[in-house]
Amino acid sequence: MPAIERELREAEERRARRQAEEALREREEKYRLLFNNAYDAIFLNAVGEDGSLSNFLEVNDVACQRMGYGREELLGKQPCDVVDEESAQKMMGVMRELLRQGHTTFEMTLTSKGGMRIPVEISAHVFPLGGSRVVLSIARDITERKRAEEIIWHQAYHDALTGLPNRVLFKDRLEQALAYAHRHQQMLSVIFLDLDRFKTINDTLGHSVGDQLLQAVAYRLTKCVREEDTVARMGGDEFTLILPEVTHVEDAAKIAQKLIDALKPPFYIDGYELYTSTSIGIAFYPTDGEEPETLLKNADTAMYRAKDQGRNNFQLYAAEMNSLSFERLALGNMLRKALDQEELLVHYQPQVDLDSGEIFGMEALVRWQHPELGLISPLQFISLAEETGLIGALGEWVLRTACAQNKAWQLAGMPPLRVAVNLSARQFKHTPLIDTVAHVLEDTGLDPQYLELELTESIVAENVEATITTLRDLKAMGVQLSIDDFGTGYSSLSYLKRFPLDMLKIDQSFVHHINTDADDAAIVTAVITLAHSLKLKVIAEGVQTEEQLTFLRAQRCDKVQGNLFSKPLTAEEFGKLLHKKKEERWDGLLTKGVSYG
Ligand SMILES: Nc1nc2c(ncn2[C@@H]2O[C@@H]3COP(=O)(O)O[C@H]4[C@@H](O)[C@H](n5cnc6c(=O)[nH]c(N)nc65)O[C@@H]4COP(=O)(O)O[C@H]3[C@H]2O)c(=O)[nH]1
């Protein structure tokens, strides 16, 4: 081919190549323009062998802008780095579907660099590219749509005036709460509340004032309950509450009282000082019904009973519970005051060593001297103190009083004795026991060896490992430890070996019948033998007769306590007894069977 012709052809080829390259660049430019100016964020990822997604291979400008990242920065990330935890989990399920079908659409939430959550609808497709597979994801920002959906949802399920859940949402929540309570075998209570004489306010002062009052009432009601409780407005002046996980009837009664009290202070609306009160009905799952409708109906019935009773009170659907619950509620409030107003006192019951015949210690027993009701037994108020959370303060008060009194006797020249103080199960579990005991011993100056803590079987059997740790800490302090009411509870002897105990206390219910009931006698004998084999001392409580004492001595019981020797005494009486007994032994008593006190 002539040179000129070759040159022309080559020039033509170069021109064609340039044109093709130009066309390719233009096309690429167009695609890039489209890619970067699309309304949606676009991401490209490779799919690994195991179906996982690679780092972003490509992202458009919109993706960078919305997510607040620079391009290079975003390219270094994986999808799971830019979504919240819930979305990350969702993506795993979605990936399976995507790889199976080749495409899918789903909603999730992206997290921007600044931590902002961006709800998006993702449309994802899988394509083959260069021998492997890639996923192209187009993410449409649906913030506005979500907001609109939320507003619509809120309007459908909430009361427009107060913003509280409405009847529909209340029913839905109640159904869910009932299903949960059923699964976990828990109680649940439904409260129905109606404002007293609301109609009068509405009719005389107008709807605007009425509406504002309802809003203010709604606000006060929600302040009385926990976040997981539901307060709803059923319409008019009727409100309902769901209290999940109420463990005692008294808990619901207490909240009802709180609601009543919350509405007592005046409301200031449009220059008026308004007073309202409420009548409340309470129904419980499962005792008063298992269906939402039944529970609501029964709470409503109880509410009408409260109205009949003169308004401004609450009633339980099961009428027989009312007096009990009121009584305990009132007593709980009184107990709180009793602690402040020093109506509590400690009595001391001597404990006698059967070898020496001497008083070796005393049990501290709390008493409540109520100004009108008289002396109230601890059996009545200890459980109440546990339920109301007062046990921590009460227990510490008893411990401090008993230790201080014991130290005072020692300083007065009495032979040093050991004071035994009861610990309740809740006190053991829920209060910083070790710190409390250490502080009390330090403050009172009592040598730890003169303090004994009496635990019940239920304490030690409940959480063995935690109990062992606590008991070891107490023991390390030098405190004595005993098990109270032995034999009444869990009858598992296996733990005895594992606990650092000093003494075992035989419950008085066995002691009472040791001379008449062969079984009780056999149990007492067995317990003494067992305790001795574990190197524990045994004390029998509730010893009332000489026959019982004779039996216990024959069985080699170490120590005794009971009305045969002395009933629990005031601190003053006990001091006098110590004075009197300072020189004497209790042998005479033991052999002659004379009782003191
Ligand atoms: N029938 C009869 N009873 C006798 C005799 N000897 C003693 N008792 C009574 O038996 C109870 C012995 O105390 P407990 O088993 O620890 O049983 C105590 C203890 O579990 C609890 N308790 C008392 N004070 C406290 C305290 O400060 N804290 C805690 N957590 N519980 C306490 O209340 C329970 C009852 O205490 P109390 O009514 O003082 O009743 C005392 C005592 O008065 C007797 O010969 N015959």
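Residues numbered from 1 in each chain as written. Predicted model: local features only at pLDDT ≥ 70, side-chain atom pairs only at ≥ 80, totals over all residues. Heavy atoms only, no water.

1. Regarding the layout of surface pockets
Put simply, the test is: For cavity detection a 1 Å grid was placed over the protein atoms alone, and a set of points counts as a cavity when a 1.4 Å probe fits there but cannot get out; an open set counts as a pocket when protein lies on both sides within 12 Å along at least five of seven lines, with lining residues being those that have an atom within 4 Å of a point. Grid points are joined across faces, edges and corners, and a volume is the space filled by probe spheres set on the points. Numbering of helices and strands starts at the N terminus; helices are DSSP runs of H or I of at least 4 residues and strands are runs of E of at least 2. For this scheme, ten residues count as nonpolar: Ala, Val, Leu, Ile, Met, Phe, Trp, Tyr, Cys and Pro. Four count as charged, namely Asp, Glu, Lys and Arg, and the remainder, Gly too, count as polar.
When its volume is computed, the largest pocket comes out at roughly 920 Å³. In this structure, the largest pocket is lined by 37 residues; those nearest its centre are Glu-363, Leu-365, Pro-378, Leu-379 and Asn-422. Elements that contribute at least two residues to the lining of the largest pocket include exactly β14 (359-370), β15 (374-376), α12 (378-387), α13 (391-411), β16 (418-422), α14 (425-430) and β18 (480-486). In terms of residue class, the lining of the largest pocket is made up of 15 nonpolar, 15 polar and seven charged.

2. Let's talk about the pairing of strand β1 (residues 41-47)
The line we're drawing: Three exposure classes are used, based on accessible area relative to the maximum for each residue type with a 1.4 Å probe and protein chains only: buried under 20%, partly exposed in between, and exposed over 50%. We treat two strands as partners when DSSP finds at least two bridges between them.
Among the seven residues that make up β1, seven are buried, leaving the element largely enclosed by the rest of the structure. Residues of β1 alternate between two faces, with Ala-41, Phe-43, Asn-45 and Val-47 on one and Ile-42, Leu-44 and Ala-46 on the opposite face, all of them buried. Pairing analysis gives seven bridges linking β1 to strand β5 (residues 132-141), with the strands arranged antiparallel. Bridging across to β5, Leu-44 finds its partner in Leu-136. The pairing of β1 with strand β2 (residues 53-59) spans four bridges and is classified as antiparallel. When the bridges of β2 are listed, Asn-45 appears paired with Phe-56. If you look at the hairpin formed by β1 and β2, you'll find five residues sitting between the two strands, and Gly-51 has a positive phi there, around 85 degrees.

3. Considering the environment of Leu-549
Secondary-structure assignment places Leu-549 in helix α21 (residues 546-554). Residue classification places Leu-549 among the buried residues on the basis of a relative accessible area of 3%. As for Leu-549 and Leu-354, which are separated by 195 residues in sequence, their C-alpha atoms are 9.5 Å apart.

4. Things to note about the packing of aromatic side chains
To keep it simple, the criterion reads: Ring pairs shown here join Phe, Tyr and Trp side chains whose ring centres sit within 6.5 Å, with only the six-membered ring taken for Trp; geometry is labelled stacked below 30 degrees between planes, edge-to-face above 60, and tilted in between. A positively charged side chain is recorded as over a ring if its NZ (Lys) or CZ (Arg) lies within 6 Å of the ring centre. The angle to the ring normal must also be within 35 degrees.
The full count for this structure, using the stated rule, is six aromatic pairs. Taking 5.0 Å as the distance between ring centres and 35 degrees as the angle between the ring planes, the aromatic pair formed by Phe-43 and Phe-56 counts as tilted. With a gap of 13 residues between them, Phe-43 in strand β1 and Phe-56 in strand β2 connect regions that are remote in the sequence. Both residues of the pair, Phe-43 and Phe-56, belong to the buried class. Here the aromatic rings of Trp-368 and Phe-381 are separated by 5.6 Å at their centres, their planes lie at 85 degrees, and the arrangement is edge-to-face. Linking Trp-368 in strand β14 with Phe-381 in helix α12, this pair joins segments that are 13 residues apart in sequence. Of the two residues examined, Trp-368 and Phe-381, each falls in the buried class. Aromatic ring contacts, followed pair by pair, group Tyr-348, Trp-409 and Phe-574 into a single cluster. A cation over an aromatic ring shows up here: Arg-66 above the ring of Tyr-39, its NZ or CZ 5.4 Å from the ring centre.

5. Here's the deal with helix α20 (residues 518-533)
Counted only if it meets this: Helix span is expected to be 1.5 Å times the residue number reduced by one. Working definition: the arc comes from the directions between the helix axis and the C-beta atoms, pointing outward to the latter. Whether two residues are in contact is decided by their heavy atoms, any of which lying within 4.5 Å being enough. Here a polar contact is taken to be a pair of N or O atoms separated by no more than 3.5 Å, where protein atoms must pair a possible hydrogen donor with a possible acceptor and residues adjacent in sequence count only if both atoms sit in side chains.
Under the 1.5 Å per step criterion, the end-to-end length of α20 is 22 Å for 16 residues, consistent within 8% with the ideal 22 Å. Within the sequence span of α20, burial applies to Asp-520, Ala-521, Val-524, Val-527, Ile-528 and Ala-531. Buried residues of α20, viewed axially, fall in a sector of 130 degrees; they line one side. Across α20 from its buried face, at more than 90 degrees, point the exposed residues Ala-518, Asp-519, Thr-529 and Ser-533. If you follow the buried residues of α20, they end up packed against β18, β19 (503-506), α19 (508-511), β20 (537-541) and α21. For α20, the capping residue at the N-terminal end is Asp-517, with a side-chain oxygen 2.8 Å from the backbone nitrogen of Asp-519.

6. Notes on unusual backbone geometry
In this structure, the amide linkage connecting Tyr-285 to the following residue, Pro-286, adopts the cis form with an omega of 0 degrees. Mapped onto the secondary structure, Pro-286 falls in the loop between β11 (277-285) and α10 (292-308). Look at Asn-312: it is not a glycine, yet its phi comes out positive at around 50 degrees. In this structure, Asn-312 sits in the loop between α10 and β12 (314-316). The backbone phi angle of Glu-342 is positive, close to 55 degrees, even though this residue is not glycine. When you line up the elements, Glu-342 lands in the loop between α11 (319-340) and β13 (344-353). For Glu-342, a relative accessible area of 69% gives the class exposed.

7. A word on the site of the ligand
Note the threshold: Any residue with a non-hydrogen atom lying within 4 Å of a molecule or strand is treated as near it. Computed with a 1.4 Å probe, the accessible areas rest on the Shrake-Rupley method; for each residue, only the protein chains presented here act as cover. To be counted as sitting in a cavity or pocket, a molecule needs more than half of its atoms within 2 Å of that site's grid points.
What surrounds the ligand is a group of 24 residues, the closest being Glu-363, Arg-367, Gln-508, Gln-544 and Asn-563. Between the ligand and Asn-422, the relevant distance is 3.0 Å, taken from an oxygen atom to a side-chain nitrogen or oxygen of the residue. Measuring from a nitrogen atom of the ligand, one finds a side-chain N or O atom of Gln-544 at 2.8 Å. Surface burial for the ligand is 83%, taken as the share of its 800 Å² of free accessible area covered by protein chains. Of all the cavities here, the one that holds the ligand is the largest pocket. Elements with a contribution of two residues or more to the shell around the ligand: β14, α12 and β18. The leading source of residues in the shell around the ligand is β14, at four residues. In terms of residue class, the shell around the ligand is made up of nine nonpolar, nine polar and six charged.

8. Comments concerning the pattern of salt bridges
Definition in use: Any Lys or Arg side-chain nitrogen found within 4 Å of a carboxyl oxygen on Asp or Glu counts as a salt bridge.
The final tally for this structure, using the stated rule, is 29 salt bridges. Asp-196 is the salt-bridge partner of Lys-307, the closest N and O atoms lying 2.9 Å from each other. Remark: Asp-196 occurs in strand β6 (residues 188-196) and Lys-307 occurs in helix α10; sequence separation between them is 111 residues. We note that Lys-307, like Asp-196, is buried. A salt bridge links Asp-261 to Lys-264; the nearest nitrogen and oxygen atoms lie 3.1 Å apart. Residue classification places Asp-261 among the partly exposed positions, given a relative accessible area of 34%. Of the residues examined, Lys-264 reaches a relative accessible area of 45% and is grouped as partly exposed. Look at the salt bridges and you will find they share partners, linking Glu-107, Glu-121, Arg-145, Lys-146 and Glu-149 into a network.

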